[in-house]
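A closer look at the structure
Read off the chains here:
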Amino acid sequence: MRRFDPFEARPILAVAVSGGPDSLALAILAQDWARKREGGVLGLIVDHGLRAASAAEARQTKAWLRARQIRGIVLRLRPFAHDTGLQDRARRERYRVLENACRRLGVIHLLLGHHADDQIETIVMREARQSGVIGMAGMAVVRELTDVRILRPLLDFPRARLKALLVKNGQPWIDDPSNRDANFERVRVRAQLAGQTVPYITSSLARRGRESELSRAIAETVSISPYGHAEIDLDLFADLDLEQQCLLLSRVVTTIGGREYAQSEKGLRDHAEKCAKFERGETLTHGGCLVRARAPGTLSVFREWARIDGEQIGHRTGKWDRRFAIDGHRCHRPIVPLGSKGWSWLTKPDRDYLRRRSIPREAVLGWPVLPYGESQLGLPEIANVRLNVTLSGMKASFRPCTPLLSVPFDHRIVV
């Protein structure tokens, strides 16, 4: 847990507990750690509904936690189709309800029970998909989100160590039958890797320093604007090696595009090479973003407004387009991007005001607005920008679901 310091006084930790050995071991360890700091642990139990026994298993898990003086809260997934990609959809839905629960409870640390065996399996699966430098880094020890940070303190430890801990503490656990179902890729990979730990962690270990290098490069090279776009120093970007250029561009596009995860690396290498040689006025699009050399020595990255669907505030993230947190939205009218039509509705004084503030038109086109009729709109106040069409009491702040900087990856394995 030291790698996650500093913590607040009397920290409260949320632990995702499935009833399996990994998460139960994590709950026991987390409770011991928190008690020494006069803090506490909440067990978040997701009833996934994928099997008939899931509700009974959730109740059993809650009872086990109660016996250890850990408060358990059962969260239920919304029904969804059980077809191709079931495990991936279930995983995303679990994360959604866990993050929402932490936000509702005011808990900022969410611990997950992924361990060394999981990490190795993940790297092998991504290697089979030719995931490239981003995917091959494996799972992050820390993933910073807007309202909560996901911590994986057990990535150093193999599954056998965690089961031994439960046996020592007299704690039974639930064996999920899906962990033996060869229809799932991870189960097949697990069987393939039996007894072959070390060879498959070599590529991960070799990249331990790259994430730290990337964080330094981002800090030196990239600036984020409260208006929702990013600026990249083109000279510093061109000095990076191609792998770092790819990683940096992917991270910026993920943040500015409101993505939760980096997208496919298709075309990323070519786009990074082109960006490094951009002259003023040249543009390209990648991952839902527009990359443009607007000024000498500067690349600007904007959200592509035409790729934004009109929507209410997203139930999954509490944000519009997963980028802007909006306060004071009290009507049922959909929020849409300003776009080129909305830009034409702005008055000349408003456009002149934006120009004086050096706020790029491309950024404003992706701002959230409330349309009224054929030629009127209402705009939230954004970063103290108030126009003639600004709605009183409504504010928007740029808070993308994936921050630009994160804590470095760390893949030490304890056998």
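Being a predicted model, the structure only gives us computed values, none of them experimental.

Looking only at helices and strands, the chain has 15 helices and 16 strands in total. Expressed as a percentage of its 415 residues, the buried residues of the chain come to 50%. At a minimum sequence separation of 6, the contacts of the chain that also span at least 24 residues come to 68%. Total accessible area on the chain is roughly 20,000 Å²; 50% of this is exposed by carbon and sulfur atoms.

The next subject is the packing of aromatic side chains. Counted under the stated rule, the structure contains four aromatic pairs. Relative to Phe324, the ring of Trp320 lies with its centre 6.4 Å away and its plane at 45 degrees, an arrangement referred to as tilted. By way of ring pairs, the aromatic residues Trp320, Phe324 and Phe398 are connected into one cluster. In this structure, Arg149 is placed above the aromatic ring of Phe7, and the distance from its NZ or CZ to the ring centre is 4.9 Å.

Closest axis-to-axis distance for the helix 11 (residues 242-256)/helix 12 (residues 268-276) pair is 9 Å, and the angle between their directions is 100 degrees. It follows from the interaxial angle that helix 11 and helix 12 lie roughly perpendicular. Residue-level inspection shows Leu242, Gln245, Cys246, Leu249 and Ser250 of helix 11 in contact with helix 12, the latter providing Leu268, Arg269, His271, Ala272, Glu273, Cys275 and Ala276.

Turning our attention to the sheet that holds strand 4 (residues 109-111). Across the sheet, six strands lie side by side as 3-2-1-4-6-5; this open sheet has mixed pairing. On the outer flanks of this sheet lie strand 3 (71-76) and strand 5 (142-144), each paired with one strand and no other. Direction aside, neighbouring strands of the sheet carry axes that sit 25 degrees apart on average. In terms of strand pairing, strand 1 (residues 12-16) meets strand 2 (residues 40-47) through five bridges, oriented parallel. Bridge assignment links Val15 to a residue of strand 2, and that residue is Gly43.

Before going further, it helps to examine the confidence of the model for the chain. In this model, the chain carries a mean pLDDT of 84, and residues with pLDDT of at least 70 account for 80%. Under a pLDDT of 50 for its full length, residues 198-207 has, in the predicted model, 17 contacts with residues more than four places off or in other chains. Across residues 407-415 the pLDDT falls below 50, and counting only partners more than four positions away or on other chains, this stretch makes 34 contacts in the model.

A large share of strand 11 (residues 298-303) lies buried, amounting to five of its six residues. Bridge count for strand 8 (residues 230-233) against strand 11 is four bridges, and the pairing is antiparallel. From the neighbouring strand, Asp233 faces strand 11, where its bridge partner is Thr298. Here strand 10 (residues 289-295) folds back onto strand 11 in antiparallel fashion, the turn holding two residues, of which Gly297 has a positive phi close to 80 degrees.

Structurally, the position occupied by Pro226 is in the loop between strand 7 (222-224) and strand 8. Sequence separation of Pro226 and Asn384 is 158 residues, and the distance between their C-alpha atoms is 9.7 Å. If sequence neighbours within four positions are ignored, Pro226 has contacts with Ile382, Ala383 and Phe398.

On to the nonpolar core, then. Of all hydrophobic cores here, the largest spans 55 residues; its most connected members are Phe237, Leu248, Val252, Leu299, Val301, Leu354 and Trp367. If we ignore the near neighbours within four places in the chain, the residues touching Trp367 are Tyr227, Trp320, Phe324, Val336, Pro337, Leu338, Leu354, Ile359, Leu379, Ile382 and Val385. Core analysis: the second largest hydrophobic core is formed by 29 residues, Phe4, Phe7, Trp64 and Leu151 among them.

Another point: the side chain of His271. Relative to the assigned elements, His271 resides in helix 12. For His271, a relative accessible area of 17% translates into the label buried. Apart from the residues within four sequence positions on either side, His271 is in contact with Leu249, Leu284, Thr285 and His286.

Attention shifts here to the pattern of salt bridges. Inspection of every chain in the model, using the stated rule, returns 17 salt bridges. The shortest N-O distance in the salt bridge between Asp32 and Lys36 comes to 3.3 Å. Look at Asp32 and you get partly exposed, because its relative accessible area is 43%. The salt bridge involving Glu381 is made with Arg386; its shortest N-O contact spans 3.0 Å. Bridged by salt links that share partners, the residues Glu231, Arg292, Arg294 and Glu362 form one connected network.

With that settled, the discussion passes to the side chain of Asp47. Structurally, Asp47 can be placed in strand 2. Among the polar contacts listed, one links the side chain of Asp47 to the side chain of Ser54, at a separation of 2.7 Å. Dropping the residues within four chain positions of it, Asp47 is found in contact with Ser54, Ala55, Ala58, Val74, Leu75, Arg76 and Leu77.

Here is what the cut-offs are and how they apply
Residues numbered from 1 in each chain as written. Predicted model: local features only at pLDDT ≥ 70, side-chain atom pairs only at ≥ 80, totals over all residues. Heavy atoms only, no water. Helix = DSSP H or I, 4+ residues; strand = E, 2+ residues; numbered from the N terminus. Buried < 20%, exposed > 50% of the residue type's maximum accessible area, 1.4 Å probe, protein only. Contact = heavy atoms within 4.5 Å. Areas by Shrake-Rupley, 256 points an atom, 1.4 Å probe, with all protein chains shown as cover. Phe/Tyr/Trp six-rings, centres within 6.5 Å; stacked < 30°, edge-to-face > 60°. Lys NZ or Arg CZ within 6 Å of the ring centre and 35° of its normal. Axes fitted to C-alpha atoms, helices over the stretch in contact; angles between N-to-C directions. Parallel < 35°, antiparallel > 145°, perpendicular 65-115°, else oblique. Pairing = 2+ DSSP bridges. pLDDT = per-residue confidence, 0-100. Core = buried A, V, L, I, M, F, W, Y, C linked by side-chain atoms within 4.5 Å. Salt bridge = Lys/Arg side-chain N within 4 Å of Asp/Glu carboxyl O. Polar contact = N/O pair within 3.5 Å; in protein donor to acceptor, adjacent residues only side chain to side chain.

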